[in-house]
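Structural overview
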Amino acid sequence: MSVLIFTEAVNGKIKKSSLEAVTYGSKVAAALGTQAVALNLNPGGADLSELGKYGASKVIVGKNASLASFDSQVYTAAIAEVAASVGATVVVTVNDSLGKAVAPRLSARLKAGLVAGATTLPNTAIGFNVTKNVFSGKAKAHYNIVSAVKVISLMPNAVQPEANGSAASVEEVNLNIGVSAKTVIKEVKRASTDKIALPEAELVVSAGRGMKGPENWGIVEDLANVVGAATACSRPVADIGWRPHHEHVGQTGVAIRPNLYIAIGISGAIQHLAGVNQSKTIVVINKDPEAPFFKAADYGVVGDAFEIVPRLTEAFKKYKAGH
Amino acid sequence: MKILVCISQVPDTTTKIAFTDGNTKFAEAGVQWIVNPYDEWYALVRALEIQEKGGSTVTLLNVGPAANDAVIRKALAIGGDDAVRIDADPKESYFVAAQIAAYAKSESFDLVLFGKETINYNGAEVPGMVAELLDAPFISQASKLEVEGSGIVCERPTEAGVEVVSSSTPVVVSAQKGMSEARIPNMRGIMAARTKPLKVVAAVAVDTLTEVTSFSLPDAKSAVKLISPDNMDELVRLLHEEAKVI
Ligand SMILES: Cc1cc2nc3c(=O)[nH]c(=O)nc-3n(C[C@H](O)[C@H](O)[C@H](O)COP(=O)(O)OP(=O)(O)OC[C@H]3O[C@@H](n4cnc5c(N)ncnc54)[C@H](O)[C@@H]3O)c2cc1C
Ligand SMILES: Nc1ncnc2c1ncn2[C@@H]1O[C@H](COP(=O)(O)O)[C@@H](O)[C@H]1O
């Protein structure tokens with residue numbers, strides 16, 4: 001028996017979300033009285049023994065030329081093969097773009113119930129009960145996974161990485177896999193390097209129709225630059241072409257859960273809130289004291305964004321200079 | 001291309017979320033049902049755009065009870081040749097995926113299109129499961145889809161940037177914003193939808209792997225703290241000292 005955690009590394013570094021997953025997986029293993037095994041299929045020079053500190057008793061590096069494809073079918077076969085070899089009863093992945101492609105496949109392949117986007121440790125007192133957000137964050141559902149083998153795709157940022165242990169041994173294993181990739185990544189168009197990718201951003205500055213026009217976004221970008229935040233927008237702003245579509249957050253755009261979300265000139269419609277209501281702290285700047293967004297906010301400033309935003313930027317500059 | 005578009009029925013985006021039966025069931029009384037926006041705006045419309053270039057068929061598929069027929073007709077009003085409803089309560093992702101896979105296998109589709117997730121359960125679970133059950137490649141959360149020769153090319157935003165991915169067919173794709181623009185059904189579409197074939201198919205027997213034991217509402221947010229517009233230093237101080245987010 002064991003708990004298997006699928007981890008990822010980029011640019012020679014283990015992803016933070018993978019450290020979270022190993023911390024999570026080792027707690028699940030402790031609750032089940034078994035060991036946590038971490039798996040990596042593309043280490044790219046990262047020091048994987050580090051994963052021991054987060055609770056993995058062993059790290060397996062799976063080797064096969066086809067893994068360079070990042071194809072979900074190949075990755076699923078690889079993880080399933082390792083899961084069988086270590087007798088995994090729980091497989092943990094991260095609910096990021098690779099995890100979202102792989103975890104459901106793994107679930108179907110292993111006939112293992114899946115909770116995608118889990119936010120809590122399993123409650124084993126009432127079965128194997130895991131919580132996730134549903135109805136775009138307007139409610140939570142508590143799921144029992146009733147199959148013998150279970151797959152959990154962990155929501156990034158739901159737990160904090162905890163490094164209390166010591167380095168683990170790393171073992172390389174040649175995998176058979178047995179399927180070949182039918183997809184080919186032809187190119188990765190990178191966002192300009194000075195911009196922070198929205199889904200990953202811890203700090204986000206967002207603006208809506210209250211900005212009146214695209215020519216006024218300078219003050220929003222100035223604030224974002226000083227804060228070190230990614231920029232986002234409401235849907236109508238993307239639809240009228242004031243801002244690029246990938247900045248649209250909400251129920252039908254990108255769903256985010258940063259530490260800080262600053263909303264400027266956004267009314268706070270229910271569909272907008274659905275994509276941002278899981279932010280840790282929400283600041284709302286709006287000239288209408290009745291704007292619904294204030295009900296979802298932690299801090300509010302009632303007034304004209306064109307006056308307030310530059311002042312806030314100055315205040316951040318002062319703060320940054322002193323810290 | 002033979003295209004299958006899987007559509008789910010979800011509560012209207014403005015629905016007030018509440019539960020009954022000791023918080024074990026979603027309160028459906030008075031709820032307006034719509035086609036899941038990702039399925040309608042992106043998956044279905046893109047399928048129709050491909051069809052409009054000629055040589056393709058578009059079939060809509062829903063797993064659900066007879067009460068879903070109204071929403072299936074709403075989708076047919078946007079377009080599509082015909083629809084299939086697999087007659088079952090869509091209990092959970094694996095159960096639904098197994099139904100879709102069984103049907104898709106029997107009809108050998110070239111392209112099985114999904115929305116990226118349902119707005120009620122936010123699972124993003126069904127499409128990948130179907131891909132695995134069909135032993136097919138899967139491009140998840142695609143924001144662009146073009147047919148090229150006998151295969152497809154998609155764009156897919158990831159943490160690292162936008163991937164350009166090609167695949168052979170048959171292939172499973174889940175669609176998100178960017179793939180197409182929402183269409184509003186016109187009178188002709190609504191009239192035509194009434195007479196388009198809607199076939200009802202019996203479900204296959206499948207084990208369920210998960211069950212919802214209860215629902216709960218998020219912890220109530222404490223009241224907003226209002227800061228004077230003249231004191232932005234105070235806001236920054238609170239973000240640092242109280243909220244501890246900077
Ligand atoms: C099915 C469906 C899905 C949707 N999905 C999304 C989604 O994913 N994301 C999304 O954002 N929306 C979505 N919407 C749209 C949503 O309902 C709202 O229409 C939209 O969020 C409103 O955008 P807004 O707040 O920028 O504009 P408005 O509602 O026009 O609000 C502008 C705000 O700016 C304030 N303001 C004006 N001038 C100033 C000033 N000088 N200083 C400060 N404040 C000012 C006003 O008081 C007002 O509150 C969806 C709608 C539907 C029907
Ligand atoms: N009952 C259903 N019938 C048909 N398609 C469905 C059903 N449920 C989900 N889907 C499809 O699967 C996608 C992802 O759903 P989910 O995994 O539940 O988030 C949806 O966008 C639909 O395309």
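Just above sits the structure.
Rules used in this analysis
Residues numbered from 1 in each chain as written. Chains lettered and ligands numbered in written order. Predicted model: local features only at pLDDT ≥ 70, side-chain atom pairs only at ≥ 80, totals over all residues. Heavy atoms only, no water. Contact = heavy atoms within 4.5 Å. Buried area = accessible area lost by both parts, 1.4 Å probe. Salt bridge = Lys/Arg side-chain N within 4 Å of Asp/Glu carboxyl O. Polar contact = N/O pair within 3.5 Å; in protein donor to acceptor, adjacent residues only side chain to side chain. Helix = DSSP H or I, 4+ residues; strand = E, 2+ residues; numbered from the N terminus. Pairing = 2+ DSSP bridges. Axes fitted to C-alpha atoms, helices over the stretch in contact; angles between N-to-C directions. Disulfide = S-S within 2.5 Å. Buried < 20%, exposed > 50% of the residue type's maximum accessible area, 1.4 Å probe, protein only.

Some remarks on the interface of chain A and chain B
Many authors give the size of an interface as the accessible area that is lost as the parts come together. On the side of chain B, 82 residues touch chain A, which itself brings 81 residues to the contact. For the pair chain A and chain B, the summed buried surface comes to about 7,000 Å²; carbon and sulfur atoms form 56% of the total. Where chain A packs against chain B, one counts 9 salt bridges. Note that A:Lys318 and B:Asp233 form a salt bridge whose closest N and O atoms lie 2.7 Å from each other. Our count for the chain A to chain B interface comes out at 43 residue pairs in polar contact (both at pLDDT 80 or more). The greatest single-element share of the side of chain A that touches chain B, amounting to 9 residues, is contributed by helix H3 (residues 97-110) of chain A. Two strands pair when backbone bridges link them, and strand S9 (residues 139-145) of chain A and strand S15 (residues 210-216) of chain B are joined in this way by 6 bridges, in the antiparallel orientation. Residue pairing across strands places A:Ala141 opposite B:Phe215, the latter belonging to S15(B).

A word on the sheet that holds strand S7 (residues 82-87) of chain B
In sheet architecture, strand pairing relies on hydrogen bonds along the backbone and comes in two forms, parallel and antiparallel. All names here are of chain B. Taking strand neighbours across the sheet as the criterion, the 7 strands line up as S9-S13-S8-S1-S6-S7-S14 in an open arrangement whose pairing is parallel. For this open sheet the edge positions go to strand S9 (138-142) and strand S14 (198-202), each flanked by a neighbour on one side alone. Direction aside, neighbouring strands of the sheet carry axes that sit 20° apart on average. With 3 bridges connecting them, S9 and strand S13 (residues 171-175) associate as parallel partners. Its bridge partner lying in S13, Phe138 is registered against Val172. Seen against the sheet, helix H3 (residues 93-107) touches strand S1 (2-6), strand S6 (57-64), S7, strand S8 (111-115) and S14 and runs at an angle of roughly 150° to S6.

Regarding the state of the cysteines
Following the criterion strictly, the structure yields 0 disulfides over all chains and no others. Among the cysteines around B:Cys6, which has no disulfide bond, B:Cys154 carries the closest sulfur, lying 15 Å off.

Some remarks on unusual backbone geometry
Most of the time, phi is negative for any residue but glycine, and the peptide bond is trans. Omega for the bond connecting B:Thr169 with B:Pro170 falls within 30 degrees of zero, at -5°, which places this linkage in the cis form. Within the secondary structure, B:Pro170 sits in the loop between strand S12 (161-167) and S13. Here the phi dihedral of A:Phe135 falls at roughly 50°; this positive angle occurs in a residue that is not glycine. Relative to the elements of secondary structure, A:Phe135 occurs in the loop between strand S8 (129-134) and S9. Residue class for A:Phe135 comes out buried when judged on its relative accessible area of 3%. Phi at B:Gln141 is positive, roughly 55°, even though this residue is not glycine. If you trace the backbone, B:Gln141 turns up in strand S9. By relative accessible area, B:Gln141 is classed as buried at 10%.

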